[in-house]
Amino acid sequence: MYDVVVVGAGIEGSATAYNLAKNGQKTLLLEQFPLPHSRGSSHGQSRITRVEYGEDDHYAVMMKEGGKLWLSLERESGTSLLVNCGCLSVSKQGNSYMKATISSLSRNGIKYDILTPGDLRDRYPMLSLPPDYVGVFDYSGGVLRADKALRAFQTVLILVLYWKEKKDGEFSAGRFPAFRNIRENGGVYALPSLEYPGHAKVCYHDGPETDPDSRDMADTGRILSTMKSYVREHLPSLQDPPSIVEPCMYTNTPDKQFILDHHPIHRNIIIGAGFSGHGFKLAPVVGKILSELAMDKTPSYDLTPCRIDRFSSTKARM
Ligand SMILES: Cc1cc2nc3c(=O)[nH]c(=O)nc-3n(C[C@H](O)[C@H](O)[C@H](O)COP(=O)(O)OP(=O)(O)OC[C@H]3O[C@@H](n4cnc5c(N)ncnc54)[C@H](O)[C@@H]3O)c2cc1C
């Protein structure tokens with residue numbers, strides 16, 4: 001018998017199980033594939049992180065805690081997870097995304113630099129940008145070491161469960177499937193250490209719709225040629241044939257906001273989904289929120305933008 005069963009050991013499920021275990025919940029973390037795997041959304045060596053979130057201030061507020069929680073996971077796991085290198089955004093002058101970025105940085109009191117086309121040329125000679133491009137450098141941004149972060153959550157989860165087992169004798173490796181699953185697949189302790197590479201990652205966030213059960217059929221040829229020509233044009237110091245090609249998938253909601261809510265009919269089922277290509281950086285907070293919902297506690301954040309009934313299709317079924 002478990003207090004909570006978490007389905008899916010991606011970054012969000014692992015962060016949720018970690019929070020539940022730390023809150024003394026008997027937790028089972030179920031994953032369909034052997035760990036680690038590259039068939040979901042949480043693999044790879046890096047993810048962008050930043051506090052600034054355009055017009056979506058509720059995520060900026062969450063990210064202020066998110067940064068602290070990543071640092072605490074670093075301490076608990078003894079692993080460096082966060083590279084605090086800042087984040088540069090570039091676009092045509094007057095672009096609405098850029099305006100929203102600058103306004104969010106100001107509203108949230110985050111240090112930033114506005115860069116003219118000349119500044120961009122001086123500071124980033126490796127970039128080849130159109131002459132009317134401007135930039136904003138966000139000092140809160142950086143890179144999360146994604147694979148290591150996922151492993152860190154799972155490792156600390158195991159250690160918490162170990163500790164609990166030793167303390168009150170309720171758990172044993174033989175009787176606790178979550179523990180066994182993670183260990184059996186050799187994913188957590190037996191991983192070779194992946195050092196953060198110095199090479200560039202170029203990401204294309206606009207692939208075709210894919211059935212997760214037949215993702216290997218996805219045609220990546222067109223995307224690859226688009227990316228190669230992007231690299232030739234804007235990153236001329238790189239060679240355009242990639243050294244590693246990694247197709248990834250993620251789930252988008254129509255409004256690109258997360259779903260963090262109880263199931264509309266079965267209240268004992270909690271849904272964390274639709275992270276719409278920006279959920280990694282927020283995983284420590286998402287894990288905290290989902291664990292609070294699972295424990296029937298008042299969530300730490302206003303979850304109105306993440307409610308499942310904002311979609312008419314879910315309303316109709318209630
Ligand atoms: C290429 C790429 C770049 C990205 N860049 C960024 C970025 O820079 N910054 C950022 O913040 N975010 C970024 N994201 C988004 C972020 O990585 C995702 O939002 C996040 O990884 C989602 O995690 P998840 O746990 O919800 O999903 P997943 O990692 O897919 O985990 C879900 C898990 O559930 C398992 N599962 C599914 N069904 C079942 C079942 N029935 N039984 C058991 N297990 C099941 C799956 O196998 C999978 O392991 C990026 C995503 C991609 C793909």
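This text goes with the structure placed above it.
Cut-offs used in this document
- Residue numbers run consecutively from 1 along every chain, following the written order of its sequence.
- Two thresholds apply to this predicted model, a pLDDT of at least 70 for residue-level local features and 80 or more for giving and counting side-chain atom pairs, whereas whole-chain, interface and lining totals are computed over all residues.
- Computation of side-chain values covers all heavy atoms of the structure but excludes hydrogens and water.
- Where helices and strands are cited, they refer to DSSP runs of H or I of at least four residues and of E of at least two residues respectively, numbered from the N terminus.
- For the exposure calls, accessible area comes from a 1.4 Å probe over protein chains only, and a residue counts as buried if that area is under 20% of its type's maximum, exposed if over 50%, partly exposed in between.
- Only heavy atoms enter the contact rule, under which two residues are in contact if any of them lie within 4.5 Å.
- Residue burial considers only the protein chains on display, and all accessible areas are found by Shrake-Rupley using a 1.4 Å probe.
- Each axis is a line fitted through C-alpha atoms, and for a helix only the stretch in contact is used; angles between axes span 0 to 180 degrees, taken between their N-to-C directions.
- Note on angle classes: values under 35 degrees are labelled roughly parallel, values over 145 roughly antiparallel, values of 65 to 115 roughly perpendicular, and the remainder oblique.
- In the scheme used here, Gly and all other residues not listed as nonpolar or charged are polar, with Ala, Val, Leu, Ile, Met, Phe, Trp, Tyr, Cys and Pro taken as nonpolar and Asp, Glu, Lys and Arg as charged.
- If even one non-hydrogen atom of a residue comes within 4 Å of a molecule or strand, that residue is called near it.
- Here a polar contact means two N or O atoms within 3.5 Å. Within protein one must be a hydrogen donor candidate and the other an acceptor candidate, and residues neighboring in sequence count only if both atoms are side-chain atoms.
- The span expected for a helix works out to 1.5 Å for each residue beyond the first.
- Strand pairing follows a simple DSSP-based rule, namely that at least 2 bridges must link the two strands.
- The definitions used throughout rest on a 1 Å grid laid over the protein atoms alone, on which a cavity is an enclosed set of points accommodating a 1.4 Å probe that cannot get out and a pocket is an open set flanked by protein within 12 Å on both sides along at least five of seven lines; lining residues are those having an atom within 4 Å of a point.
- Grid points are joined across faces, edges and corners, and a volume is the space filled by probe spheres set on the points.
- The definition of a right-handed crossover adopted here requires that, viewed with the strands pointing away, the path from the first strand over the helix to the second runs clockwise.

Asker: Tell me what's going on with the overall build of the protein, and back it up with residues and numbers.
Answerer: When helices and strands are tallied, the protein shows nine helices and ten strands. Going through the 318 residues of the protein one by one, you find that 42% of them count as buried. Contacts spanning at least 24 positions in sequence make up 70% of the contacts within the protein whose residues lie at least 6 apart. For the protein, the computed accessible surface area is about 17,200 Å², with 53% contributed by carbon and sulfur atoms.

Asker: Quick one: what's the story with the packing of helix α1 (residues 11-22) against helix α2 (residues 57-77), residue by residue and with numbers?
Answerer: Angle between the axes and distance between the axes are the two parameters that describe a pair of packed helices. Running from N to C, α1 and α2 cross one another at 70°; their axes reach a closest spacing of 14 Å. What the angle tells us is that α1 and α2 run roughly perpendicular. Counting all contacts with α1, which are made through Ile-11, Tyr-18 and Lys-22, the residues of α2 involved are Trp-70, Ser-72, Leu-73 and Glu-76. Looking at the contact of α1 with α2, its residues break down into four nonpolar, one polar and two charged.

Asker: Quick one: what's the story with the site of the ligand, residue by residue and with numbers?
Answerer: Taken together, 27 residues are adjacent to the ligand, and Glu-31, His-37, Ser-42, Ile-48 and Lys-281 come closest. Here an oxygen atom of the ligand sits 3.3 Å away from a polar atom, N or O, in the main chain of His-278. In the complex, the protein chains occlude 79% of the 1,000 Å² of accessible area that the ligand would expose alone. When residues of the shell around the ligand are traced back to their parent elements, those giving at least two are α1 and β3 (46-49). For the shell around the ligand, the class distribution of residues is twelve nonpolar, eleven polar and four charged.

Asker: Lay out helix α8 (residues 283-294) with the relevant residues and their values.
Answerer: Its twelve residues place the ends of α8 16 Å apart at the C-alpha level, agreeing with the 16 Å of an ideal helix rising 1.5 Å per residue. With ten of its twelve residues buried, α8 lies for the most part within the structure. Looking only at α8, the buried set comprises Ala-283, Pro-284, Val-285, Val-286, Gly-287, Ile-289, Leu-290, Ser-291, Glu-292 and Leu-293. Of the residues trailing α8, Asp-296 is marked for its positive phi of about 60°.

Asker: Please give an account of the sheet that holds strand β6 (residues 112-115) that cites residues and values.
Answerer: Remark on secondary structure: sheet strands pair via backbone hydrogen bonds, oriented parallel or antiparallel. Ordered by their spatial adjacency, three strands build an open sheet running β5-β7-β6, and the pairing between neighbours is antiparallel. Looking at the sheet topology across the chains shown, the edges are occupied by β5 (87-92) and β6. For this sheet the average axis-to-axis angle between neighbouring strands, irrespective of direction, equals 15°. As paired strands, β6 and strand β7 (residues 133-138) are joined by four bridges and run antiparallel to one another. If you follow Tyr-112 over to β7, its bridge partner there is Asp-138. Taken strand by strand, helix α3 (residues 96-107) contacts β5, β6 and β7, and its axis lies near 30° from that of β7.

Asker: Break down the sheet that holds strand β4 (residues 82-83) for me, citing the residues and quoting the values.
Answerer: If you walk across this open sheet you meet the three strands as β3-β8-β4, and the pairing is antiparallel. Bordering the open sheet on either side are β3 and β4, each of which pairs with just one other strand. In the sheet, β3 pairs with strand β8 (residues 142-145) via four bridges, with the strands oriented antiparallel. Paired with Arg-47 across the bridge in β8 is Leu-144.

Asker: Kindly report on the layout of surface pockets, identifying the contributing residues and their values.
Answerer: Of the voids in this model, the second largest pocket is the one considered here, and its volume is about 180 Å³. Along the walls of the second largest pocket sit 14 residues, with Val-51, Gly-67, Leu-82, Asn-84 and Ser-140 positioned nearest its centre. At the level of elements, α2 and β4 are the ones that each hand at least two residues to the lining of the second largest pocket. It is α2 that provides the largest number of residues to the lining of the second largest pocket, a total of five residues.

Asker: Just give me the short version of the side chain of Thr-16, but keep the residues and values in it.
Answerer: Tracing the chain through its elements places Thr-16 in helix α1. A distance of 2.7 Å separates a polar side-chain atom of Thr-16 from the backbone oxygen of Glu-12. Each residue touching Thr-16, except ones within four places of it in the same chain, is listed here: Val-6, Val-286, Gly-287, Leu-290 and Ser-291.

Asker: Kindly report on the pairing of strand β2 (residues 27-30), identifying the contributing residues and their values.
Answerer: As paired elements, strand β1 (residues 4-7) and β2 share four bridges and run parallel to each other. Within β2, the residue paired with Val-7 across the bridge is Leu-30. The β-α-β motif built from β1, the intervening α1 and the parallel element β2 has right-handed crossover chirality.

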